[in-house]
Amino acid sequence: MASPHTHTLVRIGSRDSELALKQTEMARAALLKVHPHLKSEIVSMKTKGDKILDVALSKIGSKSLFTKELEFALEEKTVDMVVHSLKDLPTILPEGMVIGAVLQREDPRDAVIMHPKYAECTLATLPEGSVIGTSSLRRSAQLKRRFPDLVFKSVRGNLNTRFRKLDDADDYAALVLAAAGVVRMGWKNRISQYLSDDLCMYAVGQGALAVECREGDTAILDMLAKIADPNTMVEAVAERALMRTLEGGCSAPVAVHTKVTEDSVTLKGGVWSLDGSEEILHTMSLPSQEPDTSSESIQPPTKVAKTSITFCGIVPLPEHKVFMTRANQLGISLAEALLDKGAEKILKAAKAQNVANVPPNVSSTLNGSSGGEAVPANGS
């Protein structure tokens, strides 16, 4: 019998960078594995984040730099789904939009790419005063704290451009990038060092691909449910619930480290001042089912997230809804623990500093979006 999608053309939206297109091809391949007769095409476009390349991300201040144009195409029905890096998606999506699937996560850690002349070095062995390129406040805050003798400067552009800026001049001793993007580009051999969570915790959603679609499009949602990775969905729910509850990702370095097993999920979260001088960390674990009352359990959150339909935009997988509900509770509870330890003061100070640094000519050209984390805090 022919597949019900044999004669359906599915249009998949993507940013037009080489990495974005590779990632979209990965999502399309996953769909074709489940629906081998599916007809599909990729529709690519530029976003604001792709167009504004001469200003540091931390000074732009827009929450949907790499998603807005794609979501407009989704709303106008010129595409049926859109593939994003999950970390680019705010925790509150535009009305009528949902995340139908999060694919199996690539290595979420950050990686160091050394200038060829420092190929044998690590961050700890670079000469004092070496300049490290990163577009991420999250990375620079943590690494300033760990490596006070290094200098951190913004570097913009797609991965090809950044590698060229590193290799063709002596401006940077190294770059710090998401390992996932480097691996997907086929450049794994350039990674000199992977950063463990004691050096640099990663961004919410880093390494995972999300497929966004229209909330009422049941045919597409049914299709996407078949390519969703349950463990990654659980991680994404916990991390995004943390970010949503902190309400500070658009203005301060917030990072996570998550581990999911069949029985539990463990989430470590952190908040830093922009200069890295202040750090608040906390870790919590939660069993996938109702907690064992004989052990310390997480108290019900005082802030109630809207989880009747989605978890921070993510459509629950029916067979994993209990685990995803527990993960959502974990993220909220961990965020509240961080706030109790003083994270709110750090978040407010970082927000004020960021707002003061936004150039007028940039802020006047960008529209705001619904809440959630922004790319500037997380980086690429």
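Look above for the structure.
Residues numbered from 1 in each chain as written. Predicted model: local features only at pLDDT ≥ 70, side-chain atom pairs only at ≥ 80, totals over all residues. Heavy atoms only, no water.

1. Things to note about the nonpolar core
Link 1 in the chain: In terms of nonpolar packing, the biggest core is built from 70 residues, with Met81 and Leu224 touching the most fellow members.
Link 2 in the chain: Setting aside its immediate chain neighbours within four residues, Met81 contacts Val10, Arg11, Ile12, Gly13, Leu31, Leu74, Val211, Glu212, Cys213, Ile220, Met223 and Leu224. (Core = buried A, V, L, I, M, F, W, Y, C linked by side-chain atoms within 4.5 Å. Buried < 20%, exposed > 50% of the residue type's maximum accessible area, 1.4 Å probe, protein only. Contact = heavy atoms within 4.5 Å.)

2. Here's the deal with the packing of helix α8 (residues 230-246) against helix α9 (residues 321-340)
Link 1 in the chain: Close contact between α8 and α9 brings their axes to 7 Å; oriented N to C, the two are set at 35°. Read as a crossing pair, α8 and α9 show a hand that is right-handed. Here Met233, Val234, Val237, Ala238, Ala241, Leu242, Thr245 and Leu246 of α8 lie close against α9, whose contacting residues are Phe323, Met324, Ala327, Asn328, Gly331, Ile332, Leu334, Ala335, Glu336, Leu338 and Leu339.
Link 2 in the chain: A breakdown of the residues in the contact of α8 with α9 according to their chemical character gives 15 nonpolar, three polar and one charged. (Axes fitted to C-alpha atoms, helices over the stretch in contact; angles between N-to-C directions. Helix = DSSP H or I, 4+ residues; strand = E, 2+ residues; numbered from the N terminus. Left-handed = near helix turned anticlockwise from the far one by under 90°. Nonpolar A, V, L, I, M, F, W, Y, C, P; charged D, E, K, R; others polar.)

3. Topic: the sheet that holds strand β6 (residues 131-133)
Link 1 in the chain: Read from one edge to the other, the open sheet built from five strands follows the order β7-β6-β8-β5-β9, with strand pairing classed as mixed. For this open sheet the edge positions go to β7 (151-153) and β9 (191-195), each flanked by a neighbour on one side alone. Going from strand to strand, the sheet's axes swing by 30° on average, the running direction of each strand aside.
Link 2 in the chain: As defined by bridge partners, strand β5 (residues 110-114) adjoins β9 across four bridges and the pair is classed as antiparallel. The residue of β9 that forms the bridge with Val112 is Gln193.
Link 3 in the chain: Packed on one face of the sheet, helix α4 (residues 137-146) meets β5, β7, β8 (174-178) and β9 and runs near 125° to β8.
Link 4 in the chain: On top of the sheet, helix α5 (residues 159-167) reaches β5 and β8; it is set at about 160° to β8, its chief contact. (Pairing = 2+ DSSP bridges.)

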